[in-house]
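Examining the three-dimensional arrangement
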Amino acid sequence: MKSAPGAGQQIYEQYCLTCHQVDGSGVPNLNPPLRQTDWVQGDKTRLINVILKGLQEPIEINGETFDNVMPAHDFLSDKEIADVLTFVRSNFGNKADAITAEDVKKVRGVK
């Protein structure tokens, strides 16, 4: 089942935009940027886990620390998570591989 064009963007606008901003720039010291960072363009499993489990501890990205809690978004379907992460990984100056619903399902299944 293919997603409708813009499905990932719609999910981003609904759940992510408030904290990560329309251009993916984030909020200094609170919410990390989604632009050209190893967290976004790097390990798919780590990125999927951020969505599934949230983040409770401070993280450092590009030399800056961000410590706002990100709630888990595990209520989203595997397909919705794949769509929004693929959107993020292919926008905001990012050029990373797509994430599939199968990728998300595998990570969600690991305890």
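Residues numbered from 1 in each chain as written. Predicted model: local features only at pLDDT ≥ 70, side-chain atom pairs only at ≥ 80, totals over all residues. Heavy atoms only, no water.

Quick look at the pattern of salt bridges
Summed over all chains, the structure comprises five salt bridges. A salt bridge links D38 to R46, with the shortest nitrogen-to-oxygen separation between them at 2.9 Å. What makes R46 partly exposed here is its relative accessible area of 26%. Of the charged contacts, one joins R108 and D78 as a salt bridge, the two residues approaching to 2.6 Å between their closest N and O atoms. Here R108, found in helix α5 (residues 101–109), pairs with D78, found in helix α4 (residues 78–89); they are 30 residues apart in sequence, far enough to count as distant. Given a relative accessible area of 27%, R108 falls into the partly exposed group. A relative accessible area of 18% places D78 in the buried class. (Salt bridge = Lys/Arg side-chain N within 4 Å of Asp/Glu carboxyl O. Buried < 20%, exposed > 50% of the residue type's maximum accessible area, 1.4 Å probe, protein only. Helix = DSSP H or I, 4+ residues; strand = E, 2+ residues; numbered from the N terminus.)

Observations concerning the nonpolar core
Within the largest apolar cluster, 27 residues are counted, with the highest numbers of intra-cluster contacts made by Y12, I48, I81, L85, V88 and I99. Elements represented by at least two residues in this core include exactly α1 (7–20), α2 (38–41), α3 (44–53), β1 (59–61), α4 and α5. Residue contributions to this core peak at six residues, all from α4. Look past the residues within four positions of I48 in its chain and what remains in contact with it is L85, I99, D103, V104 and V107. (Core = buried A, V, L, I, M, F, W, Y, C linked by side-chain atoms within 4.5 Å. Contact = heavy atoms within 4.5 Å.)

Notes on the confidence of the model for the protein
Model confidence for the protein is summarised by a mean pLDDT of 93, while 95% of its residues fall at 70 or above. Mean pLDDT per element in the protein: β1 is the minimum at 91, and α4 is the maximum at 98. (pLDDT = per-residue confidence, 0-100.)

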